[in-house]
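# Breakdown of the fold
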Amino acid sequence: MRWLRYLNQWRGTAKEAFDQVSIVAKFLCLLHVTDRYIISSTHVQGPSMLPTLNLTGDVILAEHVSHRFGKIGLGDVVLVRSPTDPMKMVTKRVLGLEGHRLSFFADPLVGDDSVNVVVPKGHVWIQGDNVHASTDSRNFGPVPYDLIEGKALLRVWPLRCFGSLR
């Protein structure tokens, strides 16, 4: 009979522990879904988006909803899975949507040779704001719309630069 008392005591403790673990697991699932599918913070760095983003790095808030509904527009700063390295995420500005005709200099440092392109259906044309230090659609062509992971909303760090990325 003594072991039945111990069993009942442990049953209550085990149930309480299970309830606490369940609450933590639900919170972590909510956190994951929010970060992956709704809104997340992202650290971006590099010269390709100068002067919009700092060379040493900025933290931006990116939402992950509008691109799923086709609500990406010209001038939006987007997070894109790199077409050349799927493990890497790049931050660029949308300069062309499907059907748009674009002209750009093949190599702005070398000459005035201009290239004309039409963005195919289901693709976007992305470029960094710093045309002299950006690997973008001028190098790898139009990017499939499905590679867009999110749209940058605002810069949150450094605080002195807090605000919209327009």
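Residues numbered from 1 in each chain as written. Predicted model: local features only at pLDDT ≥ 70, side-chain atom pairs only at ≥ 80, totals over all residues. Heavy atoms only, no water.

### A few points about the overall build of the protein chain
When helices and strands are counted, the protein chain shows 2 helices and 10 strands. Oriented by its inertia axes, the alpha-carbon framework of the protein chain measures out at about 95 × 40 × 25 Å. With 166 residues in all, the protein chain has 33% of them scored as buried. Taking all contacts inside the protein chain whose residues are at least 6 apart in sequence as the whole, residues at least 24 apart take part in 50%. Of the accessible surface of the protein chain, which amounts to about 10800 Å², a share of 62% is contributed by carbon and sulfur atoms. (Helix = DSSP H or I, 4+ residues; strand = E, 2+ residues; numbered from the N terminus. Buried < 20%, exposed > 50% of the residue type's maximum accessible area, 1.4 Å probe, protein only. Contact = heavy atoms within 4.5 Å. Areas by Shrake-Rupley, 256 points an atom, 1.4 Å probe, with all protein chains shown as cover.)

### Points about the pairing of strand β7 (residues 123–127)
Most of β7 is tucked away: 4 of the 5 residues are buried. Two strands pair when backbone bridges link them, and strand β4 (residues 89–96) and β7 are joined in this way by 3 bridges, in the antiparallel orientation. Across the sheet, the residue bridging to Arg93 is Gln127, located in β7. Where β7 meets strand β8 (residues 143–144), 2 bridges bridge the pair, whose relative direction is antiparallel. Pairing of Val124 across the sheet is with Val143, part of β8. (Pairing = 2+ DSSP bridges.)

### Brief notes about the UniProt feature "active site" (unreviewed entry) in the protein chain
As annotated by UniProt and renumbered to match this structure, "active site" (unreviewed entry) occupies Ser48 and Lys92. Look at the named residues: they lie 45 residues apart in sequence, but the longest C-alpha span between them is just 7.9 Å, so in the fold they bunch up. Here the residues from the annotation list that line the largest pocket are Ser48 and Lys92. The topology assignment puts Ser48 in the loop between β1 (39–44) and β2 (58–63). The exposure class of Ser48 is buried, given its relative accessible area of 14%. (UniProt positions renumbered as here; feature names shortened; annotations may be inferred. 1 Å grid on protein atoms, 1.4 Å probe; cavity = no way out; pocket = protein on both sides within 12 Å on 5 of 7 lines; lining within 4 Å.)

### Some details on the UniProt feature "domain: Peptidase S26" (unreviewed entry) in the protein chain
According to UniProt, the positions carrying the feature "domain: Peptidase S26" (unreviewed entry) are residues 22–110 and 117–157. Counted over residues 117–157, helix gives 10% and strand 46%. Its end C-alpha atoms are 36 Å apart.

### Overview of a nonpolar patch on the surface
Judged by side-chain polarity, Val33, Tyr37, Ile38, Ile39, Val65, Phe69 and Leu153 come together as a nonpolar surface patch covering roughly 590 Å² of accessible area. With 3 residues, the top contributor of residues to the nonpolar patch is helix α1 (residues 2–38). With respect to the helices, strands and loops of the structure, Val65 is situated in the loop between β2 and β3 (77–81). Using a relative accessible area of 32% as the deciding quantity, one classes Val65 as partly exposed. (Patch = residues over 30% accessible without salt bridge, like charges linked within 9 Å, V, L, I, M, F, W, Y side chains within 5 Å. Salt bridge = Lys/Arg side-chain N within 4 Å of Asp/Glu carboxyl O.)

### As for the pattern of salt bridges
With the rule as written, the count across this model stands at 7 salt bridges. Between Asp129 and Arg93 there is a salt bridge, and its shortest N-O distance comes to 2.9 Å. Separated by 36 residues along the polypeptide, Asp129 in the loop between β7 and α2 (137–140) and Arg93 in strand β4 bring together distant segments of the chain. You can call Asp129 partly exposed: its relative accessible area is 26%. On the accessibility criterion, Arg93 (12% relative accessible area) is buried. Taken together, the shared-partner salt bridges in this structure form one network comprising Arg36, Arg81 and Glu149.

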